[in-house]
Amino acid sequence: MHRNIWYPFTIIEDAPEPIKVQKGDGLWLELEDGRRIMDCISSWWVNLHGHAHPQIAKAIADQASKLEQVIFANFSHDPAEKLAEKVTQKLPGTLNRMFFSDDGSTAVEVAMKMAYQYWRNIGQERKTFICFEGAYHGDTFGAMSAGERSVFTEVFKDLLFDVEFVPYPATWIGDPDRTEKESKVIEKVEELLKENPEKYAGIMIEPLVQGAGGMNMCSKEFLQELHWVNRQFNTLLIFDEVMTGFGRTGDWFACKRAQVEPDIICLAKGLTGGFLPLSVTVCSDRIYEAFNSSDPIKTFWHGHSYTANPIGCAAALASYDLMVENESIFSNMEEWHLGHLEKLKNHPKLKKLRVCGTIAAMDISAEGEEGYLNPIANHIKEQCVDKGLLLRPLGNVLYLMPPYCTTKKQLAQMYEGIVSLIDEVA
Ligand SMILES: *Cc1c(COP(=O)(O)O)cnc(C)c1O
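Residues numbered from 1 in each chain as written. Predicted model: local features only at pLDDT ≥ 70, side-chain atom pairs only at ≥ 80, totals over all residues. Heavy atoms only, no water.

K.L.:
Report on the domain arrangement of the protein chain, specifying residues and quantitative values.
P.N.:
What the domain assignment reports for the protein chain is domain 1 (12-52 + 327-425) and domain 2 (58-324). Using only C-alpha atoms to locate each centre, domain 1 and domain 2 end up separated by 26 Å. For the pair domain 1 and domain 2, the number of links is one salt bridge. Between R257 and E334 there is a salt bridge, with the nearest N and O atoms lying 2.7 Å from each other. The interface formed by domain 1 and domain 2 holds 14 residue pairs in polar contact (both at pLDDT 80 or more) in total. Counting residues per element, the ones that place at least two in the side of domain 1 that touches domain 2 are α1 (42-45), α11 (327-344), β13 (350-356), β14 (359-364) and β16 (397-400). Top contributing element to the side of domain 1 that touches domain 2 by residue count: α11, with six residues. Of the residues in the side of domain 1 that touches domain 2, the class split is 22 nonpolar, six polar and four charged. (Domains from an automatic or database assignment. Salt bridge = Lys/Arg side-chain N within 4 Å of Asp/Glu carboxyl O. Polar contact = N/O pair within 3.5 Å; in protein donor to acceptor, adjacent residues only side chain to side chain. Helix = DSSP H or I, 4+ residues; strand = E, 2+ residues; numbered from the N terminus. Nonpolar A, V, L, I, M, F, W, Y, C, P; charged D, E, K, R; others polar.)

Structure follows, in C-alpha cells:
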C-alpha cells in the first residue's frame, strides 16, 4: 500500500496490495500490468455510462474553462439552475426544491436536518426517526445513527442518537412469504405511530433496494403501503435514493417505479455519471414553505464550500442527457438479468436470487460468519480479477450493477465468470 495513503473500508494488516488502474474506457478498466477487466459494479455504484465517457468529459472541460467554482449564497449560475429544473421535472410533482451538497452522506444529513427542523418551524418537537434494519445511509454521524448498527459503527455507538428500527421486508424471486413479512412491518410501523404520533420526524428508507446492507430488495406494494401509513399519521417520508436513483431500479427513480411520492429524496452516486462528487436533497414545497420566514431561527443554516460546484453540475447535466438517450437500456436490463437468473435458479450454491432494474443479486451458501465479514468475499475479490471482472461481494452476497453501456453479450460474460468463480471458491 502506498506509504502516504490511508485507504477506506480496508482492514490494514490483512489487505492485499491495491491494484493500480491506468485507464478507464466504457465498461473496461485497464490495469497497470496491461490486463483489462469489466467493471461489473460501476465502481461503487457511481459510474452510469461507462468510464471516461467523452460527452461528460467534454462538458467538464468546457465548464472548467468558463466558470470552475463560485460562492453559492447570494450568487447563482446556469448549470445549477438547469440541473434543478431538469431533475425536478423527472421527480414526482411535489418535489420541487433542490438543496445541493457533496456526497450521499451529506445528502442524508441534510434530509434529516430538514425534516427535524421542519417540525420545529411549525411548532412541534419531533425528535425520532423510524429507520430500517440493514440500512446504510453513510458514514457521518447522523447517517450512521440512522443505519444498521454494525462493525462499521460499533466503535462510535455511544455517540450515535437513537432511532426506531423496524425490519426491512426483503424478498426474492419465488419467495412465498413476501406479503406476510410486509404486513408485519406495516403493522409495526402503525403501532409506533399510533402510540405516539408526535414523536416521529420521519420515516427514512432505501426504496426497493438496500445497497450496502446486502442488496436486499423490497416490493413496490410495500412502499405504497408505507406511504399510505405515513400519510395517515402525517409524518415525513424520506427516500434515500443515493444508490437507487438515476435508472438503477429500471425507472429514473425508485419512487417513480413504485409510484410513491416521498416528502424528501436524497440523490448522489449516479448524479454526475460517476465523474465528480455532487449530491442533492430535494424536498416538497410544503417543507420549503415552513422555512420561508424572516426569522433567523427558522432558517436552514447548512451549506458546504463547494455547494453546487458548476463543473459537477455540468457533468450531471451531460449525464442526464445520456440517461435520456439510454432509457431503453436501463429499463430493459431487468429482462436480461432475469434470463440469466432463470438458468441459475437450481444452482446448489446459490439462493435468494433477486433483481431490480439494473441490479441483480444472490446469496452464496458459504461457511463462516454471516454478513459483511464472511470470508467468501475476500476469496472472490482476490480471484475475480483473474477472470477479467471487477466484483466486490458484500459478505456472501454477490451482485452485479453494470453501467448502461453494457451489452447483452458482455452481461452474459459476467454471468459466465460468476458461475466459474463460484465453482472454484464456494
Ligand atoms: C453510498 C450510500 C450513501 C453514502 O453516500 P457517500 O457518497 O458514500 O457518502 C448513503 N445512502 C445510500 C443508500 C448509499 O448507497
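This is not the end of the story, as more comes after the structure.
K.L.:
I'd like a description of the sheet that holds β13, backed by residues and values.
P.N.:
One open sheet accounts for three strands, arranged β13-β14-β16; its pairing is antiparallel. At either end of the open sheet lies a strand with only one pairing partner, and these are β13 and β16. With strand direction ignored, the average angle separating the axes of adjacent strands in the sheet is 15 degrees. Relative to β16, β14 runs antiparallel, the two sharing four bridges. Considered in β16, the bridge of A360 is made with L400. Each of β13, β14 and β16 touches α11; the most contacted strand, β13, lies at about 170 degrees to it. (Pairing = 2+ DSSP bridges. Axes fitted to C-alpha atoms, helices over the stretch in contact; angles between N-to-C directions. Contact = heavy atoms within 4.5 Å.)

K.L.:
Requested: an account of the packing of helix α3 (residues 78-90) against helix α10 (residues 310-325), with residues and values cited.
P.N.:
Between α3 and α10, whose axes approach to 9 Å, the crossing angle comes to 40 degrees. Crossing hand, α3 versus α10: left-handed. Mapping the contact onto sequence places P79, A80, K82, L83, K86, V87 and K90 in α3 and P310, C313, A314, A316, L317, Y320 and D321 in α10. Tallied by class, the residues present in the contact of α3 with α10 amount to ten nonpolar, no polar and four charged. (Left-handed = near helix turned anticlockwise from the far one by under 90°.)

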